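Residue-level structure breakdown
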Amino acid sequence: MDLLTIGQIINTTLVFATALIFASLGGIFSEKSGVTNLGLEGFMVFGAFAAGIAAHYAQEAGMGGTTSAWMGILFAVVLGVVVSLIHAVASITFKADQIISGIVINFLAAGSTLYLVKLLFEGSGDSPLVQGFSKFDVPLLKDIPLLGEAFFKNVYPTTYLAILFVFLTYYIMYKTPFGLRLRSVGEHPSAADTVGVKVRRYRYVGVMISGALAAIGGAAITLTTTGTFSHNTVSGQGYIAIAAMIFGKWNPIGAFGAAVFFGFSQAIRNYVQLFEWSQSIPQEIIYMLPYLLTIIVLVAAVGRSSAPSALGEPYDPGKR
Amino acid sequence: MNNVLKWFTRDSFILPIVAIIMGLILGGIVMLIGGYNPIEAYSALFTKVFGDMYNFGEAVREMTPLIMTGLAFAFAARAGLFNIGGEGQFLVGMTAATFVGVKFTGLPIYIHAPLALIAGAVFGGLWAAIAGYLKAARGVNEVISSIMLNWIGLYLANLIVRQFLLLKGENRSVDISDTASISLTWLSELMGNSRVHMGTLIALVMAVLFYIYMWKTKQGYEIRAVGYNPNAAEYAGMHVNRNIVKAMFISGMLAGLGGAFQVLGVFQYQTVMSGSPGTGFDGIAVALIGLNHPFGVLLGALLFGTLTYGSAGMSFAADVPPEIIRIVIGSIIFFIAAQGIVRWVLKPFYSKRKKEKVL
């Protein structure tokens, strides 16, 4: 296998990982504040939907491809935040089971986005094709052998944005007072309350950021790989993002690594026919491999979970 | 008589009913916003399901696997486990049943069909037990391991069908032997030649067995104790880890059996699938609507099945996109989960009842 192919595989890996990075970072914000978020899939669906229709109407209104794509991202953020409030109100204010409330988001997403798409586009199950983000080359850097092919040629802006957000999340979470408070309400809410941290307010913010980021993840799929929103645009990636978050031990850098790992497993499918040794292996085994590896790694290395200690528990000030 | 009245006024009865009504109303509002007539849509929905025998039978067929995956989720939930892997267990059960149904020939029907069912149940159970074992022995979160097992199960099912059972030139397995079929001709004829099958009766029996096991036996008591408080259960001398594996195994058995029903009762073969069928995930919703109680699951499956199957009629007769039903189901679960909202709506009624008592 030559360097060119390796470079291309890395490139494709990053494209597939982009959505997962956003969504798993979103999951971290919510869960660090103590709110389980099984609704990542739903938020991604809402984001993919919002991006598809916003970019379409922006293009209709005469905006260029890239501008309309950014409008798509913006609208995805807005919708992500709005629907995240459903999860927040149910699980924080009304103390509903957070797992159930997350599942509700997934149900509502699957139903309402398709309903709206059919309503808006006369019964069609797909949103119209949009231009989305175009790939670009970074001048000079693209000529570096291997690295240029992998990181600086045919790249989408969303991929860079995702990597930027990894470091941003790390910084916010571990270097700012906001991050400290957010983590404290997830670890020990009553202690945080005692020192004057508004537990519920911080949890609301955590869930809202979560909704926004996961929605950007969904939007990234529509605006780069598919160009249109349909019922299978997201198809289970939100669940993989949850796995990436847990796999990465709720740490942004770890989640990034896990997301890249899953991205690689998706990318490798496109290239598997290139290797001679793989011809005789049934494709299902190759498809299975990343999930199998995840389990093996979990058993061997990760061991006992390192979830925030108040994760999943509604905060009740009267029950100290 | 008084007991019956008391049962009907209990919170566990009133709250889900009000949640269902609120979900239907919310769905109606969404239809109104979309420019549809909700009354027309809902009546089309119910006419589709209850209008004739054939459609009613098909709706019952649709409900049957949902009962099984719903029971599966509820059983694990009683042990404090979140079995999101119903999907994979369903597929593995389906494949095991197909394998036995196709490969084991020359057996009489009263051995072959039960054997295929048992194979489906056992392999579904083993599939879930992997997640249970990993949780018990290594502390691996069962949510993530069962998500992974869902995907592995999907590809494993496809692999087995393609390698061992493929019908030449088609993307599906060869048909199972007639001796493995659980179709019931008399029931099917009674129900307008719909594809109803013995699985429905087995599912009802399973719900009853679930109830007896969980609330009337020592083993069931242990599982519930572990679910309520594993530390206390451990202190009381129960084997928490063993109960976790056991609960997952039984949970997976129920889901696997549901998968077996689909092959042996409905399709008679298995296709190579591009994505998982979703029955396992829908079972989570069914269990949540049924508050993780076996009889609640039956009602949940009835509601879920009616709404889903009927939504086709709704879109045919009233031209309403059937996806609206997902919104209705989602909001029903939402209101059941966030009981605070329902209580708040019911507040005026509650305070009235209290006053009566004072008088």
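Being a predicted model, the structure only gives us computed values, none of them experimental.

Reading the values: rules and limits
- Residues numbered from 1 in each chain as written.
- Chains lettered and ligands numbered in written order.
- Predicted model: local features only at pLDDT ≥ 70, side-chain atom pairs only at ≥ 80, totals over all residues.
- Heavy atoms only, no water.
- Salt bridge = Lys/Arg side-chain N within 4 Å of Asp/Glu carboxyl O.
- Helix = DSSP H or I, 4+ residues; strand = E, 2+ residues; numbered from the N terminus.
- Buried < 20%, exposed > 50% of the residue type's maximum accessible area, 1.4 Å probe, protein only.
- Axes fitted to C-alpha atoms, helices over the stretch in contact; angles between N-to-C directions.
- Parallel < 35°, antiparallel > 145°, perpendicular 65-115°, else oblique.
- Left-handed = near helix turned anticlockwise from the far one by under 90°.
- Contact = heavy atoms within 4.5 Å.
- UniProt positions renumbered as here; feature names shortened; annotations may be inferred.
- Buried area = accessible area lost by both parts, 1.4 Å probe.
- Polar contact = N/O pair within 3.5 Å; in protein donor to acceptor, adjacent residues only side chain to side chain.
- Nonpolar A, V, L, I, M, F, W, Y, C, P; charged D, E, K, R; others polar.

**Concerning the pattern of salt bridges**
Counted under the stated rule, the structure contains 10 salt bridges over all chains. As a salt-bridge pair, Glu323 of chain B and Lys118 of chain A come within 3.0 Å of each other at their nearest N and O atoms. Here Glu323 of chain B is found in the loop between helix H14 (294–317) and helix H15 (324–337), whereas its partner Lys118 of chain A is found in helix H4 (residues 98–120) on a different chain. The buried category is assigned to Glu323 of chain B, whose relative accessible area is 13%. The partner of Arg61 of chain B in a salt bridge is Glu58 of chain B, with the nearest N and O atoms 2.9 Å apart. Of this pair, Arg61 of chain B and Glu58 of chain B both sit in helix H4 (residues 53–78), 3 residues apart, roughly one helical turn. Residue Arg61 of chain B shares its accessibility class with Glu58 of chain B, and that shared class is buried. In the salt-bridge network here, residues are joined through shared partners; they are Glu58, Arg61, Glu62 and Arg195 of chain B.

**Some points on the packing of helix H6 (residues 109–138) of chain B against helix H7 (residues 142–164) of chain B**
All names here are of chain B. Contact geometry of H6 with H7 gives a least axis separation of 10 Å together with a crossing angle of 150°. With respect to their mutual orientation, H6 and H7 come out roughly antiparallel. The two elements H6 and H7 meet at a crossing, and its hand is right-handed. Mapping the contact onto sequence places Trp127, Ile130, Ala131, Leu134 and Lys135 in H6 and Glu142, Ser145, Ser146, Leu149, Ile152, Gly153 and Leu156 in H7.

**A look at helix H10 (residues 237–247) of chain A**
All names here are of chain A. Among the 11 residues that make up H10, 11 are buried, leaving the element largely enclosed by the rest of the structure. Of all the residues in H10, the buried ones are Gln237, Gly238, Tyr239, Ile240, Ala241, Ile242, Ala243, Ala244, Met245, Ile246 and Phe247. Note on H10: the residue one or two positions beyond its end, Lys249, has a positive phi of about 55°.

**Remarks on unusual backbone geometry**
A positive phi angle is found at Lys249 of chain A, which is not glycine, with a value near 55°. Residue position: Lys249 of chain A is located in the loop between H10 and helix H11 (252–271). Given a relative accessible area of 39%, Lys249 of chain A falls into the partly exposed group. Within the chain, Asp319 of chain B stands out as a residue other than glycine whose phi angle is a positive 65°. Looking at where Asp319 of chain B falls in the secondary structure, it is placed in the loop between H14 and H15.

**Details of the UniProt feature "transmembrane region" (unreviewed entry) in chain B**
Residue and element names in this part refer to chain B. The feature "transmembrane region" (unreviewed entry), as given by UniProt, occupies residues 12–36, 63–84, 91–111, 117–134, 146–165, 196–214, 247–267 and 324–346 in the numbering adopted here. Secondary structure across residues 63–84 comprises 73% helix and 0% strand; the distance between its end C-alpha atoms is 19 Å. As annotated, residues 324–346 comprises 96% helix and 0% strand, and the C-alpha atoms at either end are separated by 26 Å.

**Topic: the interface of chain A and chain B**
Between chain A and chain B, the contact holds 44 residues from the first and 48 residues from the second. Interface area for chain A against chain B, summed over the two sides, is near 3900 Å², with a carbon-plus-sulfur share of 81%. At the boundary of chain A with chain B, the tally comes to 4 residue pairs in polar contact (both at pLDDT 80 or more). If you list the elements that add at least two residues to the side of chain A that touches chain B, you get helix H3 (65–93), H4, H10, H11 and helix H12 (283–302) of chain A. If one sorts the elements of the side of chain A that touches chain B by residue count, H4 of chain A sits on top with 13 residues. Residues that form the side of chain A that touches chain B fall into these classes: 31 nonpolar, 8 polar and 5 charged.

**Considering the UniProt feature "transmembrane region" (unreviewed entry) in chain A**
All names here are of chain A. Under the local residue numbering, the UniProt record ascribes the feature "transmembrane region" (unreviewed entry) to residues 6–26, 38–58, 70–92, 99–121, 155–174, 204–226, 238–264 and 285–303. The span residues 70–92 is 100% helix and 0% strand, and its two end C-alpha atoms sit 32 Å from each other. The span residues 155–174 carries 90% helix and 0% strand; its end-to-end C-alpha distance comes to 30 Å.

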